[in-house]
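Each chain is listed here by its residues.
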Amino acid sequence: MTDEQFKDGIRYAEDNFMNNRAPHLHVDKKLIKENFDLTGKKILDFGSGMGGMSLWYATNWDCEVHGIDIDAHHVTIANEVKKKHNINNVTFEVRNVLDTPLTEKYDYIFLNDVAEHIAYPILEPILQQLADSVSETGRVFVTYPPWKSPYASHVQHVTGIPWCQFLPDAILLPMIERNNLPLVGEEESTLLDSYHGLNHLTHKKLIPLVRKAGLEVDFRKSHCILNKLGPLKNTNIRMWPLDYLITKEFLLLKRGNAKSEGKRGGLRVAASF
Ligand SMILES: C[S@@+](CC[C@H](N)C(=O)[O-])C[C@H]1O[C@@H](n2cnc3c(N)ncnc32)[C@H](O)[C@@H]1O
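Below is a short write-up of the structure. (Residues numbered from 1 in each chain as written. Predicted model: local features only at pLDDT ≥ 70, side-chain atom pairs only at ≥ 80, totals over all residues.)

Regarding the overall build of the protein
Note the threshold: Comment: elements are numbered from the N terminus, with helices defined as DSSP H or I runs of at least four residues and strands as E runs of at least two. Within these notes, the globule rule equals 2.2 Å times the number of residues to the 0.38 power, and the radius of gyration is based on C-alpha atoms. Partly exposed residues are those whose C-beta has more than 12 but fewer than 20 other C-beta atoms within 10 Å; 20 or more makes a residue buried and 12 or fewer makes it exposed, with C-beta atoms placed from the backbone. Here, residues touch in the contact sense if the C-beta positions derived from the backbone fall within 7 Å of one another.
For the protein, the count of helices and strands is nine helices and seven strands. Compactness check: the protein gives a C-alpha radius of gyration of 18 Å against a globular reference of 19 Å for 273 residues, within 12% of the reference. By its C-alpha atoms, the protein is 55 × 45 × 35 Å across when sized along the principal axes. Taken over 273 residues, the protein has a buried fraction of 37%. Sequence-distant contacts in the protein: of pairs separated by 6 or more residues, those separated by 24 or more amount to 69%.

What to know about the site of the ligand
Heads up, the condition is: We call a residue near a molecule or strand when the C-beta position, derived from backbone atoms, sits within 6 Å of it. Here the nonpolar group is Ala, Val, Leu, Ile, Met, Phe, Trp, Tyr, Cys and Pro; Asp, Glu, Lys and Arg are the charged ones; every other residue, Gly included, is treated as polar.
Taken together, 17 residues surround the ligand, and among them Gly 47, Gly 49, Ile 70, Asp 71 and Asn 112 come closest. Classifying every residue of the shell around the ligand by side-chain character gives five nonpolar, eight polar and four charged.

So, the nonpolar core
Quick note on the threshold: For the purposes of this analysis, a nonpolar core is taken to be any set of buried Ala, Val, Leu, Ile, Met, Phe, Trp, Tyr and Cys residues that are connected through C-beta atoms within 7 Å.
Counting residues in hydrophobic clusters, the biggest one holds 53 residues, and the most contacted among them are Ile 109 and Ala 115. Contacts of Ile 109, omitting those with residues within four sequence positions, involve Leu 44, Phe 46, Leu 130, Ser 133, Val 134 and Val 140.

Remarks on the environment of Phe 46
Mapped onto the elements, Phe 46 comes out in strand 1 (residues 42-46). Distance in space between the C-alpha atoms of Phe 46 and Asn 112 is 7.9 Å, their sequence separation being 66 residues.

Quick notes on the pairing of strand 4 (residues 106-112)
In plain terms, the rule: Between any two strands, pairing holds if DSSP finds at least two bridges. A clockwise course of the path from the first strand over the helix to the second, judged with the strands pointing away from the viewer, identifies a crossover as right-handed.
In terms of burial, strand 4 is largely enclosed, as seven of its seven residues are buried. The sheet contact formed by strand 1 and strand 4 spans three bridges and is parallel. Along strand 4, the bridge assignment pairs Asp 45 with Phe 110. Inspection of the sheet shows strand 4 paired to strand 5 (residues 134-144) by six bridges, in the parallel sense. Opposite Asn 112, over in strand 5, you have Thr 143 as the bridge partner. The parallel pair strand 4 and strand 5 is bridged by helix 5 (residues 120-133), and the resulting crossover is right-handed.

Observations regarding the pairing of strand 1
Side chains on a regular strand alternate between the two faces of the sheet. With four of five residues buried, strand 1 is to be regarded as a mostly interior element. Here five bridges tie strand 1 to strand 2 (residues 64-69), and the two strands are oriented parallel to one another. Counterpart to Ile 43 in the pairing with strand 2 is Val 65. Read as a crossover between parallel neighbours, the route from strand 1 over helix 3 (residues 52-60) to strand 2 is right-handed.

Let's talk about unusual backbone geometry
With an omega dihedral of 0°, the bond running from Trp 240 to Pro 241 counts as a cis peptide bond. If you trace the backbone, Pro 241 turns up in the loop between strand 6 (215-224) and strand 7 (246-255). One non-glycine residue, Asp 113, lies in the positive phi region at around 55°. Inspection of the secondary structure assignment puts Asp 113 in the loop between strand 4 and helix 5. For His 200, which is not glycine, the phi torsion reads 60° and is therefore positive. Looking at where His 200 falls in the secondary structure, it is placed in the loop between helix 8 (191-196) and helix 9 (203-212). For His 200, a count of 12 C-beta atoms within 10 Å translates into the label exposed.

Focus: the environment of Val 184
When you line up the elements, Val 184 lands in the loop between helix 7 (169-178) and helix 8. Residue class for Val 184 comes out buried when judged on the 24 C-beta atoms lying within 10 Å of it. Residues Val 184 and Phe 6, spaced 178 residues apart in sequence, show a C-alpha to C-alpha distance of 7.2 Å. Apart from the residues lying within four places of it in its own chain, the contact partners of Val 184 are Met 1, Gln 5, Asp 8, Gly 9, His 73 and Ile 77.

So this is what it looks like as structure tokens:
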């Protein structure tokens, strides 16, 4: 990682941490703030990346956060931002849970924009492990842009074309190559690597893996561009072809044998969720 990439990484992580309008996280933050009370909770931020969300949890609630990520460069940046802002209730670790399985139990496990980056054969044992690591009253919260989303390609900012994932490879790949930016990651160090790393995730593909892991859907919100219109604010709009306007899926999962701690494991699950 070059000095410039390191500095860019710090800027990106601080924006995700401190800016509530940060582009890919503002809906996540709003939903979490309105519906979760993380006070006193033990949290796993799985795929914590450069740490923005972990640091946000740690500073918005009196909670204990464990961020893990497979990418050493991302974790270096997360630790730097933690140190710079003197935040002590979060730890970051480079960890591949398939080599070093989790041993602790967590009240909440978050996967913000992570599941779509993990190949299916690996996603299945990872979900199994997360199911074993969430407490009986706990919840797993998964957010991701479904493959039909205008932004699911993760490269529309360089191609200038929403839904460009549906272009033939012969057209799209040269477009990405022409604008192939270096990324800070050790695992995925260019935009093209990142595009090839996507698993084309959809709700239909994710649910069998969720069930196999012994988890159940407690709540689902499909955030759609049309939710910006007042009367449609809280509506899940999933019918074809409007499902192409869903920008993000939010899935709250519980263990099949989950006990409830008051209402929905202590969650204030509001109508807006
Ligand atoms: C798009 S980033 C999201 C980071 C962070 N959750 C956020 O919202 O800013 C996806 C992250 O998932 C991590 N990741 C991918 N596969 C992983 C795995 N098997 N175990 C842990 N982390 C993984 C990547 O290294 C990357 O940091």
